[in-house]
Amino acid sequence: RFDIGSILKGSSLWTFDTSQKLRFGVYARASGNLSSDSFIWIEAPFGAEIVHTMFGYNEGDKIILWTSMCLHDPSRTEGVLG
């Protein structure tokens, strides 16, 4: 997460809040109305960050999503999320 309060305290601009679960929305192009009700919201049982979605498609009632993802590694102290 981008956290301006964290940088004001002298810490990292980017932080990782493990209590926040990965949540993202999928918008059906055919819905026509771009509103929050038009999205399918998906929440994972773990905290992570989707860095960039590369490709997605439907396979029946499944959504197949190809993406890179950052997971929290509490043993790491260096890097962007450190």
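None of the values given here were measured: they were computed from a predicted structure.

Q: How do you make sense of the overall build of the protein chain when you look at a structure like this?
A: From N to C terminus, the protein chain includes 1 helix and 4 strands. Here the protein chain, with 82 residues, has 9% of them falling under the buried criterion. Sequence separation of at least 24 residues holds for 30% of the intrachain contacts in the protein chain that already meet a minimum separation of 6.

Q: When you look at a nonpolar patch on the surface in this model, what are you seeing that I'm missing?
A: On the surface, M54, F55, Y57 and W66 cluster together to form a nonpolar patch covering roughly 470 Å² of accessible area. The element contributing the most residues to the nonpolar patch is strand β3 (residues 48-59), with 3 residues. Assignment of secondary structure puts M54 in strand β3.

Q: I tried to follow the pairing of β3 on my own but got confused; where do I start?
A: Taken together, the 10 bridges between β3 and strand β4 (residues 62-71) define a ladder with antiparallel strand orientation. Pairing of Y57 across the sheet is with I64, part of β4. Counting the residues in the hairpin turn of β3 and β4 gives 2 residues, including G60, whose phi is positive at 70°.

Q: Explain the side chain of S38 here, please?
A: By the element assignment, S38 lies in the loop between β1 (23-27) and β2 (39-43). Owing to a relative accessible area of 15%, S38 belongs among the buried residues under this scheme. When sequence neighbours within four positions are dropped, the list of residues in contact with S38 reads V26, Y27, A28, S31 and N33.

Q: Just to check I follow, could you spell out the packing of aromatic side chains for this structure?
A: The relative placement of two aromatic rings is captured by the distance of their centres and the angle of their planes. This structure, assessed with the given rule, holds 3 aromatic pairs. Plain terms: the ring middles of F55 and Y57 are 5.5 Å apart, the flat faces sit at 45° to each other, and that makes the pair tilted. Here the aromatic cluster, defined as three or more aromatic residues joined through ring pairs, consists of Y27, F39 and W41.

Q: Looking at this structure, how should I read the environment of W66?
A: Tracing the sequence through the fold places W66 in strand β4. Under the relative-accessibility criterion, W66 is labelled exposed at 53%. Sequence-wise, W66 and H52 are 14 residues apart; in three dimensions their C-alpha atoms are separated by 9.2 Å. With residues near it in sequence (within four places) discarded, W66 still touches T53, M54, F55 and Y57.

Reading guide: rules and limits
Residues numbered from 1 in each chain as written. Predicted model: local features only at pLDDT ≥ 70, side-chain atom pairs only at ≥ 80, totals over all residues. Heavy atoms only, no water. Helix = DSSP H or I, 4+ residues; strand = E, 2+ residues; numbered from the N terminus. Buried < 20%, exposed > 50% of the residue type's maximum accessible area, 1.4 Å probe, protein only. Contact = heavy atoms within 4.5 Å. Patch = residues over 30% accessible without salt bridge, like charges linked within 9 Å, V, L, I, M, F, W, Y side chains within 5 Å. Areas by Shrake-Rupley, 256 points an atom, 1.4 Å probe, with all protein chains shown as cover. Salt bridge = Lys/Arg side-chain N within 4 Å of Asp/Glu carboxyl O. Pairing = 2+ DSSP bridges. Phe/Tyr/Trp six-rings, centres within 6.5 Å; stacked < 30°, edge-to-face > 60°.

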